[in-house]
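Breakdown of the fold
One-letter residues, chain by chain:
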Amino acid sequence: MDDTTRMPALFIGHGSPMNTLEQNRFTLAWRALGRALPRPRAILAISAHWYINGSAVTAMPTPRVIPDFYGFPQELFDFDYPAPGAPNVAEEIVEVVKPAFVGLDRDSWGLDHGTWSVLAHLFPQADIPVVQLSLHGGKDAAYHFDLGARLAPLRDRGILIVGSGNVVHNLRRVRWGSDDGFDWCERFDGGVKRIMESDSGALPGVTAHPDYALAVPTPEHFLPLLYLAGLCREAGQPARAFAEGSTLGSISMTGYVLGGPATQDAAANENGVATLPDPRAVPPEDTNL
C-alpha cells in the first residue's frame, strides 16, 4: 500500500499542559497539521505520561480523561476530551506486535494530558476513537524502537500513530520566561533532527551524544520518538520536522511527521511559551509537565 492510502505517523513535542488552552506558534502548527491530515479510523497515542513497568494498551469503550498534573488553573482540570475508546483496535495492536507482548488495560488508565493536550488541537471535535499505549519503563531504547516498527501495519489499516513527549525535557534546568533553548538544548535538538530527517534508524545511537545526559535526564519524554523512528525504518523513509523550536531554556517543542501532506509554519511570529504555575509556589519539576 502506498502513501496515498497509508496513514501518516507523528511525534508531537507537547510541552506544558497549558498548550491545551493557549494559542502559540506550536499549537497553531498542530492545528494546521490536523486540518491537513486524512481522517483516521482510530488514533494510537504513545504518551510520555503513561510510564509503567509493562507494555499495555487501553481497551475500554469510554476512556477517562486524566488531569495528571499539579498547580495549574482549574480551567485545565475541567477540560474534557470525550473521545470514545476502541477495544477492537486495542486487540489488533496486541496481535500485530507479536511475539512482543502488549497487555489489554480494560479499567486502569485512560487518556492522560500527553494525549489529550495535543489531540485537542489536531482533532478538536474529539470524535475519533483513541487508544493509548504505555511506555515500558524497564526496557531499553532498542525495545521501544522495535515495538514502534512492529506497529507499522496499523498505518495501512487507517490508524494514526501519535507519539507525544519532548526531544529535550529537563525541568530542573528551566529558564523562566525564555522563548528559546540553552546551547546544549539546541545542539541536541539539532542533532536529533539531522538523524530523523536522514537516517531515522540510527536514533537509538543518540544516547552517545555529548548533550544526551542534560537533554534526557529521564527517558520517558524521549521514548515516544523512538516509536516514530521505528516506523520510519519500516517505511524506508525519514521523517520531517513540521514544527521546530525550544522554550523555557530546556524543553524542545520540535515535532515530526512521517508521510502525509506538507504543512506551512502556521504563524512563526506567535508567542511560543505556554504558561506554567508560579515557580515560587510550584517548582516546574513538581507539575508533571
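If you're wondering where the values come from, they're calculated on a predicted model, not measured in any experiment.

Okay, the side chain of Q132 next. By the element assignment, Q132 lies in strand β7 (residues 130–136). In this structure the side chain of Q132 is engaged in a polar contact, spanning 2.5 Å, whose partner is the side chain of D112. Residues within four places of Q132 in sequence aside, it is in contact with L44, A45, S47, W50, A56, V57, T58, W109, G110, L111, D112 and T115.

Tracing the chain through its elements places S250 in the loop between β10 (246–247) and β11 (251–252). Judged by its relative accessible area of 0%, S250 falls in the buried class. A polar contact is formed between the side chain of S250 and the backbone oxygen of N170, at a distance of 2.6 Å.

To continue, consider the pattern of salt bridges. Pairing between side chains becomes possible if they bear opposite charge and their charged atoms approach one another. Tallied over the entire structure, the rule returns 10 salt bridges. Between K98 and E95 there is a salt bridge whose closest N-O contact spans 2.9 Å. Residue classification places K98 among the partly exposed positions, given a relative accessible area of 47%. D146 serves as the salt-bridge partner of R150, at 2.8 Å between the closest nitrogen and oxygen. On the criterion of helical spacing, the pair formed by R150 and D146 is a turn pair, its members being 4 residues apart in helix α5 (residues 141–150). Overall, the relative accessible area of 26% leaves R150 in the partly exposed class. Judged by its relative accessible area of 30%, D146 is partly exposed.

Where α5 meets helix α8 (residues 223–235), the axes come as close as 7 Å, and the angle between the chain directions of the two elements is 50 degrees. Taken together, the axes of α5 and α8 are oblique relative to one another. In the crossing of α5 with α8, the sense of the turn from one axis to the other is right-handed. Contacts from A141, H144, F145, D146, L147, G148 and A149 in α5 reach L223, L226, Y227, A229, G230, L231, R233 and E234 in α8. Looking at side-chain class alone, the contact of α5 with α8 contains 9 nonpolar, 3 polar and 3 charged residues.

What follows deals with the confidence of the model for the chain. When pLDDT is averaged across the chain, the result is 91; 89% of the residues are at 70 or more. Note on residues 265–269: pLDDT is under 50 here. Beyond four places in sequence and across chains, it has 6 contacts.

Parameters at a glance
- Residues numbered from 1 in each chain as written.
- Predicted model: local features only at pLDDT ≥ 70, side-chain atom pairs only at ≥ 80, totals over all residues.
- Heavy atoms only, no water.
- Helix = DSSP H or I, 4+ residues; strand = E, 2+ residues; numbered from the N terminus.
- Polar contact = N/O pair within 3.5 Å; in protein donor to acceptor, adjacent residues only side chain to side chain.
- Contact = heavy atoms within 4.5 Å.
- Buried < 20%, exposed > 50% of the residue type's maximum accessible area, 1.4 Å probe, protein only.
- Salt bridge = Lys/Arg side-chain N within 4 Å of Asp/Glu carboxyl O.
- Axes fitted to C-alpha atoms, helices over the stretch in contact; angles between N-to-C directions.
- Parallel < 35°, antiparallel > 145°, perpendicular 65-115°, else oblique.
- Left-handed = near helix turned anticlockwise from the far one by under 90°.
- Nonpolar A, V, L, I, M, F, W, Y, C, P; charged D, E, K, R; others polar.
- pLDDT = per-residue confidence, 0-100.

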